[in-house]
Number of protein chains: 2
Amino acid sequence: MNRQLVAQRHDPYPSRHVQQPSITPRLDPVVYGEDDGPLDPELVQSYEDDGFLVVPNLLSPSEAFEVDAEIERLALDPDVRARPQSVLEPDSDALRSLFEVHVGDGPLAALARDERLAGAARQLLGSDVYVHQSRVNLKPGFRGEVFDWHSDFETWHTEDGMPRMRALSCSVLLTPNHGNNGPLLAIAGSHQWFVACVGETPDRHFEQSLRRQEVGVPDERSLRALAEGGRIEACMGAPGTVVFFDCNLMHGSNSNITPDPRRNVFIVYNSVENALEEPFAAPAPRPEHIASRTFTPL
Amino acid sequence: MNRQLVAQRHDPYPSRHVQQPSITPRLDPVVYGEDDGPLDPELVQSYEDDGFLVVPNLLSPSEAFEVDAEIERLALDPDVRARPQSVLEPDSDALRSLFEVHVGDGPLAALARDERLAGAARQLLGSDVYVHQSRVNLKPGFRGEVFDWHSDFETWHTEDGMPRMRALSCSVLLTPNHGNNGPLLAIAGSHQWFVACVGETPDRHFEQSLRRQEVGVPDERSLRALAEGGRIEACMGAPGTVVFFDCNLMHGSNSNITPDPRRNVFIVYNSVENALEEPFAAPAPRPEHIASRTFTPL
């Protein structure tokens, strides 16, 4: 699609090709249909209000351990580390993230189809869902680095062509996430606001942005406004705890200097009614292993 | 002093000019005399056991505010920022640290002489004391970066020639230090062990090490052993809270992505009976504004 056509397409959430940062209200529901699914009504309400929900011990410790053992096996495999799915830390050769972990038929594929996760996603998004992205963030001990504040949707919309806010992430805690090893920090209520970011998306931006993001970064003034209007909460828990969070939740995490790795697997579910189009503000779509274009319902 | 002479001098705590990392027991007392001073016996005992002590609200909020206002004035002064006392963050031009803040006769000089701090230092160190170093660590909001694990004594011994472990730091909290803005992390009990680090000190090392330390860095195996033998504790509190910590306590801090700056002023007291000599493992002593050689008692 050429620039002319991109410019003519209606964009409900313009970002990057804008002159100024701005905060505008969300145009989409947070919860699309809540009647049928594994989450109790008060949990659905809490998710809707805050934009995220921490469910302690949704998986058993032994289930979390089985998934973690598979991640460890993958992380130690030199063939896996050499694949484009592997992303290193910005200042060291420690493994930062591993993408597309749900394919095949191992414990991670089973996890992505698990009713406790996929069923909750169907419930909140009010439709069938498919896996838009899966990844592990390893945040290794001693050297785990920052994830700066961001809305996933801002990137998925501009770089992947996700049209509306009708997707969510499940973060499954594989190691203890405590106060000092870089737990997920969420700004409660921030999912109700879209922060437009300034700066054109460079070609093949993902090759750099997954190590340290510098485009699609919200400005400090907007972040301060969101933090003052909400509250910053650390999502902590034991292995097996699951954090559900809306695609537009402003989140990030600090570094990890403790010896304890903070390892979580993320499964991103998108509604089949919200399938990707052409990117809204990028020269080309990101590769399949980062943003799937296989929209088959789970 | 030439290399030959350095090699012949007795070094109770060899580091850097060693082949292997090692952990050896501390050879010096932690508390040198506890009878006379502002700290109650149970607080002295807690300091001795853990290697640090958090005293909530030792200063009033308004006293902390007055000091903080002076820091803010200094941090905004372009002349101050241009001085060698100013250290910038490794990845941005944000002010990371400001050294030698206790000179002159403003609120910071008064703070260094305050009996609640200096008197406690005299009590714990069992002698008159002088200010070895003073600094502010600003850990700005959004961009405050990591301080990796280290023992201050390892550097003060190798680079400044501090002979024995008979010094302590007072960290005065100027802004709220909470769980998410990079509070001081201490490994309780680690002060009882000296970790020798591998790697020669480069010439003028301080110009780089104060932004990000790469020599005098303990190895991960030793850190893991200390953390398993003790516990990692985050030193949190409201403005005016003071953390006293032993010169050999293993400590560090995570990044700060929150909007809230984590600003603390550190006053380092050394016993007058422990005055600096030639460095034990560095080509030349560090400058006066980092390691004072004016041993006049307060």
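Above this text sits the structure in question.
Quantities reported herein were computed from a predicted structural model and do not represent experimental measurements.

## Digging into the overall build of chain A
Then, in step 1: Scanning chain A from N- to C-terminus turns up nine helices and 13 strands.
Then, in step 2: With the C-alpha coordinates of chain A rotated into their principal frame, the extents come out at 50 × 45 × 40 Å.
Then, in step 3: Classification of the 298 residues of chain A by burial places 56% in the buried group.
Then, in step 4: When the accessible area of chain A is evaluated, it comes to approximately 11,900 Å², of which 51% is carbon and sulfur surface.
Then, in step 5: A distance of 5 Å separates the average location of the 26 positive side-chain charges in chain A from that of its 45 negative side-chain charges.

## Some details on unusual backbone geometry
Then, in step 1: In this structure, arginine 16 of chain A takes a positive phi of about 75 degrees despite not being glycine.
Then, in step 2: Even without being a glycine, glutamate 100 of chain B presents a positive backbone phi close to 55 degrees.
Then, in step 3: Structurally, glutamate 100 of chain B can be placed in the loop between strand S4 (95-99) and helix H5 (107-113).

## Brief notes about the sheet that holds strand S7 (residues 167-173) of chain B
Residues and elements named next belong to chain B.
Then, in step 1: Overall, antiparallel pairing links the seven strands, which are arranged S2-S11-S7-S13-S5-S4-S3 in an open sheet. A single partner strand is all that each edge strand has here, and the edge strands are strand S2 (52-55) and strand S3 (86-88). In this sheet, adjacent strand axes meet at a mean angle of 20 degrees when their direction is disregarded.
Then, in step 2: Bridge analysis of S4 against strand S5 (residues 129-137) gives three bridges, and the strand direction is antiparallel.

## Here we look at the relation of the copies chain B and chain A
Two copies of one chain are present, and they are related through a rotation about an axis combined with an axial shift.
Then, in step 1: Superposing chain B onto chain A requires a rotation of 180 degrees together with a translation of 0.0 Å along the rotation axis, leaving an RMSD of 0.0 Å. Taken together, the rotation and translation relating the two chain copies correspond to the operation of a two-fold axis. Minimal C-alpha distance to the rotation axis in chain B is attained by serine 255 of chain B, lying at 2.8 Å.
Then, in step 2: Comparing interface residues between copies, 100% of those in chain B also lie at the interface in chain A; the contact surface is shared.

## Observations regarding the interface of chain B and chain A
Then, in step 1: At the junction of the two partners, chain B supplies 25 residues and chain A supplies 25 residues.
Then, in step 2: Of all residues in chain B, Phe142, Asn180 and Ile257 of chain B give up the largest surface area on contact with chain A, accounting jointly for 34% of the area buried on that side.
Then, in step 3: The interface formed by chain B and chain A holds two salt bridges in total.
Then, in step 4: Here arginine 143 of chain A makes a salt bridge to glutamate 220 of chain B, at a shortest N to O gap of 3.8 Å.
Then, in step 5: Listing elements by their share of the side of chain B that touches chain A, those giving two or more residues are strand S6 (147-151), helix H9 (220-229), strand S10 (231-235) and strand S12 (250-253) of chain B.
Then, in step 6: At four residues, H9 of chain B tops the list of elements feeding residues into the side of chain B that touches chain A.
Then, in step 7: Of the residues assigned to the side of chain B that touches chain A, the class counts are 11 nonpolar, eight polar and six charged.

Reading the values: the criteria
Residues numbered from 1 in each chain as written. Chains lettered and ligands numbered in written order. Predicted model: local features only at pLDDT ≥ 70, side-chain atom pairs only at ≥ 80, totals over all residues. Heavy atoms only, no water. Helix = DSSP H or I, 4+ residues; strand = E, 2+ residues; numbered from the N terminus. Buried < 20%, exposed > 50% of the residue type's maximum accessible area, 1.4 Å probe, protein only. Areas by Shrake-Rupley, 256 points an atom, 1.4 Å probe, with all protein chains shown as cover. Lys, Arg positive; Asp, Glu negative; His and termini not counted. Charge placed at Lys NZ, Arg CZ, Asp CG, Glu CD. Pairing = 2+ DSSP bridges. Axes fitted to C-alpha atoms, helices over the stretch in contact; angles between N-to-C directions. Least-squares fit on C-alpha atoms with pLDDT ≥ 70 in both. Contact = heavy atoms within 4.5 Å. Buried area = accessible area lost by both parts, 1.4 Å probe. Salt bridge = Lys/Arg side-chain N within 4 Å of Asp/Glu carboxyl O. Nonpolar A, V, L, I, M, F, W, Y, C, P; charged D, E, K, R; others polar.

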